[in-house]
Structures are given as structure tokens and as C-alpha cells.
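# Commentary on secondary and tertiary structure
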Amino acid sequence: MTFNDFLTQEGAHSFFQDYWGAGFLHSGQSATVLNIDNPQNLLARILELPRLRYPQVRVLCEGGALSPILYTRSSQYGLDEEIAPHKVLHLACKPNTVKVENLASLLPEFRLWETKLTKLFSSRITLNGYFSFGPSGGIPIHFDPHHIFAIQLYGQKKWELGSNQSQIYPHKAITFSEEAEKLSMFELTLNAGEMLYLPPGRTHSVQTENISIHVAIGIHTPRCFQTISELVDGAVERHPELRADQPFSVDDNGLTFRDLTKSEIQIICDLLISSVQNENLL
């Protein structure tokens, strides 16, 4: 797979220059290599698989999620994480949305997607499916810390997007309160066969009027802070001074810890650089 295969209507150079991490892109055609036969039967196929467990399958309602007791094999005698397919299908007919995470672990076509996209983006890929079979609202307005490609497999889904990036490359997801519900939202409708790219930090919410099946492709790119965190973890193993308490004073009233000084922070940074050089990573 190439970027031209995946993006279909947008060249790789212009996409990464104009949209990647900066703005949303609504494409009138999703990648042809990502087609799924009979997507309207996809949830039924998934629920036929053995040993489905919560929370890989969840039932969402507007503003939150239903208790897993309602769609697992839990009973008055105890809790059970195993999914009860008939209960899920019953709840799917209500104004709810069924979310299935890690589709690549369930069906071969999604494993193929994951393999191709992992190679293309050199990143960890997540594939989550969303199934709505009647009027339903999605998760409240929020943004995600990773890149998303939403591919509409069947039906329609209404998206509301914030007019601007709330943050550039945020490091965690944030859901906004009801008071912040109106954030100069821009509305669009994703039809079957279309694709929407959302950069990290673009606020959004979704709503379905009738039926909608879409897959959210999460592109979890390597982040600088994650690499630094891994370096710190490695250095802590080799340098006991990094595992010591921060400097403190003590009196009869208790301990008082102080912040590290600039010189102490510089020593820590030097240890990290030394660790990297010793591993021939620079």
C-alpha cells in the first residue's frame, strides 16, 4: 500500500504539508483497499466469534456507557466479562452505539488493514468499530491525542468539529463539560464510502439519525515525550541516585521537600545523555 492508495484524492506531499496535525480533511472517497464486503452484517459476524469479552465490546449511550451487566453473561450470582450476543443486539436496536475495539484481533480483513497501515505510517495502529442502528448520540465533545481516519462503511454519520485546533499534538484525551458544548462547531455528514481525517486536538462529537457503521483508524505516532520517558526508565535502572528521594528538610512538624535546582536537573540530563551514548543511540 502507498499513500496514494490510502488517501485516494490527496497526494502524500500536500496532505502532510497542509493537513497532518493541522486541520481536518473530508475525502469523498475512502481507500479502495479498505473495502469490507457486506458491512451491514459486520456486527453480527463479530458477535458470532467465541470468547468475546468486555471491555473489547461496549455499549455506549449519549453522555456515557451502559453497565456491562446489561450485555454480559453476568447474573444475580456473579459478574462475568463474557459478552452475551443477543443482549448486545437487543441494545443495538435502542438509541445506543456498540463499540468494538481492536478489530484486527477479531477478523482477518482488519488484520490485513493493521499490517498495511503499520508499515505505511511506521506507527502503532488501532482499529475500532462503531455500530448504530437508530437515532443515537455519541460521546460528548472531546478530542483525542492521536491522529484519526474515520471510514464510513455503511449509512451516514453526522460530525460536529471544532472550528480550530484546541491544542497542537495533545498528549491525552479530554472530554469537555456541558458548559463548553458549543465550541464554534462545524458540521459535516460522512456518507458510506467517505473518509474523514482528524488531527490530534480537533474537538468533535458524532450523531446518527438512522444507521451508521464506521471504523476509526487511530495512528499512534511515536512522541518525543514518550522516548524521553523510556530513556528515564532505563537510566533509573542503572543510576541509583535517580531513585533517591528529592532533597528535603525535617523538623518536629514533619518533612518538607524542595524542588530540584537547575544544577541538579542538569546532572540528571547529563546522566540521560550519557546513558544514550553508552547504548550507541546517538
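Definitions and limits used
All residue numbers refer to position in the chain's written sequence, counted from 1. With pLDDT at 70 or above as the cut-off, local features in this predicted model cover only qualifying residues; side-chain atom pairs require 80 or more to be listed or tallied, and sums for whole chains, interfaces and linings still use all residues. To get the side-chain values, take all heavy atoms of the structure and skip hydrogens and water. Here a helix means four or more residues in a row that DSSP labels H or I, a strand means two or more in a row labelled E, and each is numbered from the N terminus. With a 1.4 Å probe rolled over the protein chains alone, any residue whose accessible area is under 20% of its type maximum counts as buried; one over 50% counts as exposed, and the rest are partly exposed. Throughout, a residue-residue contact means that at least one pair of heavy atoms, one from each residue, lies within 4.5 Å. Exposure was quantified through the Shrake-Rupley algorithm and a 1.4 Å probe, taking into account, for residues, occlusion by the shown protein chains and nothing else. Under this rule, positive means Lys or Arg and negative means Asp or Glu; His and the chain ends count for nothing. Charge placement uses NZ in Lys and CZ in Arg. For Asp and Glu, CG and CD serve respectively. Only strands joined by at least two bridges in the DSSP assignment are considered to pair. Think of a nonpolar core as a cluster: buried Ala, Val, Leu, Ile, Met, Phe, Trp, Tyr and Cys residues, connected wherever their side-chain atoms sit within 4.5 Å. Points on a 1 Å grid, built from protein atoms alone, make a cavity when a 1.4 Å probe fits but cannot get out and make a pocket when they are open with protein on both sides within 12 Å along at least 5 of 7 lines; residues with an atom within 4 Å of a point are the lining residues. Grid points are joined across faces, edges and corners, and a volume is the space filled by probe spheres set on the points. Polar here means any residue outside two lists: the nonpolar Ala, Val, Leu, Ile, Met, Phe, Trp, Tyr, Cys and Pro, and the charged Asp, Glu, Lys and Arg; Gly therefore counts as polar. The reported arc concerns the directions from the helix axis to the C-beta atoms and nothing else. Each salt bridge in this description consists of a side-chain nitrogen of Lys or Arg and a carboxyl oxygen of Asp or Glu lying within 4 Å of one another. To obtain an axis, a line is fitted to C-alpha atoms, over the contacting stretch when the element is a helix, and the angle between two such axes runs from 0 to 180 degrees between their N-to-C directions. Geometric relationships in this document are graded by angle, where less than 35 degrees denotes roughly parallel, more than 145 denotes roughly antiparallel, 65 to 115 denotes roughly perpendicular, and other angles denote oblique. Polar contact is the term for a pair of N or O atoms within 3.5 Å; when the atoms are in protein, one must be able to donate a hydrogen and the other to accept it, and sequence-neighboring residues count only if both atoms are side-chain atoms.

## Thoughts on the overall build of the protein
Tallying secondary structure elements over the protein gives seven helices and 15 strands in all. Counting over 282 residues, the protein shows a buried share of 40%. Look at the contacts in the protein between residues 6 or more apart in sequence, and 80% of them connect residues 24 or more apart. Per element, the accessible surface of the protein, about 15700 Å² overall, is 52% carbon and sulfur. Charged side chains in the protein number 22 positive and 31 negative. The centres of these two groups are separated by 6 Å.

## Here we look at the pairing of strand β15 (residues 254-257)
It is a general feature of regular strands that their side chains alternate between the two faces of the sheet. Where strand β14 (residues 248-251) and β15 come together, four bridges link them in antiparallel fashion. Bridged to V250 within β15 is L255. The turn joining β14 and β15, which pair antiparallel and follow one another in sequence, is formed by two residues.

## Things to note about the nonpolar core
Residues F6, L127, F149 and I217 are the most contacted members of the largest nonpolar core, which totals 44 residues. If one sorts the elements of this core by residue count, helix α5 (residues 108-121) sits on top with five residues. Those residues within four positions of F6 in sequence are excluded, and the remaining contacts are M1, A31, L34, L117, L120, F121, F149, M195 and I217. Counting 12 residues, the second-largest nonpolar core is a separate cluster that includes Y130, L161, L188 and A216.

## Some details on unusual backbone geometry
When glycine is set aside, most residues are seen to have a negative phi, and most peptide bonds are trans. In this structure, the amide linkage connecting Y54 to the following residue, P55, adopts the cis form with an omega of 10°. Here P55 is to be found in the loop between α3 (42-47) and β2 (57-61). Notably, N38 is not glycine yet its phi reads approximately 50°, a positive angle. Tracing the backbone through its elements, the reader meets N38 in the loop between β1 (25-27) and α3. The phi dihedral of S122 is positive, around 50°, even though this residue is not glycine. Along the chain, the position of S122 falls in the loop between α5 and β5 (124-132).

## Points about the layout of surface pockets
The calculated volume of the largest pocket comes to roughly 550 Å³. Lining the largest pocket are 29 residues, with K99, Y130, I139, H142 and D144 sitting closest to its centre. Those elements that place two or more of their residues in the lining of the largest pocket are β4 (97-100), β5, β6 (136-137), β7 (142-143), β8 (147-165), β9 (174-175), β12 (202-208) and β13 (212-220). Per-element accounting of the lining of the largest pocket gives the leading share, five residues, to β13. Of the residues that constitute the lining of the largest pocket, the class distribution is 11 nonpolar, 15 polar and three charged.

## Side note on the environment of L89
Mapped onto the elements of the fold, L89 is located in helix α4 (residues 85-92). Setting aside residues no more than four positions away along its own chain, L89 makes contact with L43 and L47.

## Quick look at α4
Quick reminder: α-helices carry 3.6 residues per turn. Residues three or four places apart thus point the same way. Considered for burial, the residues of α4 that qualify are V88, L91 and A92. End-on view of α4: buried residues confined to an arc of 105°, all on one side of the axis. Looking at the buried residues of α4, the elements they touch are α3, β2 and β4.

## Side note on the pattern of salt bridges
When the charged atoms of two side chains with opposite charge come close together, those side chains can pair. Scanning the entire structure with this criterion turns up six salt bridges. One salt bridge connects R45 with E109, and the closest N-O pair in it is separated by 2.8 Å. Of this pair, R45 sits in helix α3 while E109 sits in helix α5; the two residues are 64 residues apart in sequence, bridging distant segments of the chain. A salt bridge links R73 to E82, with the shortest nitrogen-to-oxygen separation between them at 3.5 Å.

## Describing the packing of helix α6 (residues 224-238) against helix α7 (residues 262-278)
At a minimum axis distance of 10 Å, the contact between α6 and α7 shows a crossing angle of 90°. Classified by the angle between their axes, α6 and α7 sit roughly perpendicular to one another. Counting all contacts with α6, which are made through L231, V232, A235 and R238, the residues of α7 involved are L272, S275 and V276.

## What to know about the side chain of H220
Mapped onto the elements of the fold, H220 is located in strand β13. Separated by 2.9 Å, the side chains of H220 and T126 make a polar contact. In this structure H220 touches S123, R124, T126 and H146, once residues within four positions along its chain are discounted.

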